[in-house]
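Here are the chains, one letter per residue:
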Amino acid sequence: IGDAGAGGGDSAGGGDGGMGEVPWRALASSRPVWAMTAAHCSSNFFMYFGLSWLPTYFSYQFGLSTADASTAALYPFAAGGGGSPRRGG
């Protein structure tokens, strides 16, 4: 980490080494920010459900053993992992 003031390499502009004021009002009213927040919350909900409740559901609902229920719960994640490179994500 070195001297922030030396060399004038501040790519953010201003040259004072600080980040400046955060435009909180503009961020809070931005539709793309709200869309990213909704996508993040939805993704977290699915990850929590998939990792913690899906194997239990398969075990209780279909009478699978713990190992079989865990394997069955892996398929949606494997499909997502395999499909992601194909769609460019």
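Just above, that's the structure.
Because the structure is a prediction, the values reported are computed rather than measured.

Rules behind the numbers
- Residues numbered from 1 in each chain as written.
- Predicted model: local features only at pLDDT ≥ 70, side-chain atom pairs only at ≥ 80, totals over all residues.
- Heavy atoms only, no water.
- Helix = DSSP H or I, 4+ residues; strand = E, 2+ residues; numbered from the N terminus.
- Buried < 20%, exposed > 50% of the residue type's maximum accessible area, 1.4 Å probe, protein only.
- Areas by Shrake-Rupley, 256 points an atom, 1.4 Å probe, with all protein chains shown as cover.
- Bend = angle between axes of the 7 residues up to and from the residue.
- Contact = heavy atoms within 4.5 Å.

Colleague: For this particular structure, what's the right way to read the overall build of the protein?
Modeller: Scanning the protein from N- to C-terminus turns up three helices and zero strands. Helices and strands appear in the protein in the N-to-C order α-α-α. Looking at the protein as a whole, 9% of its 89 residues qualify as buried. Summed over all atoms, the accessible surface of the protein reaches about 7,400 Å², with 63% contributed by carbon and sulfur.

Colleague: Just to check I follow, could you spell out helix α2 (residues 31-62) for this structure?
Modeller: What sets the pattern is the α-helix's 3.6 residues per turn: residues three or four places apart point alike. In α2, a bend of some 50 degrees at tryptophan 53 exceeds every other bend along the element, and proline 55, a proline, comes one to four places later. Looking at α2, one finds that the buried residues are Gly50, Leu54, Pro55 and Phe58. Where α2 is buried, its residues meet α3 (66-86). Looking one or two places after α2, you find glycine 63, whose phi comes out positive at around 70 degrees.

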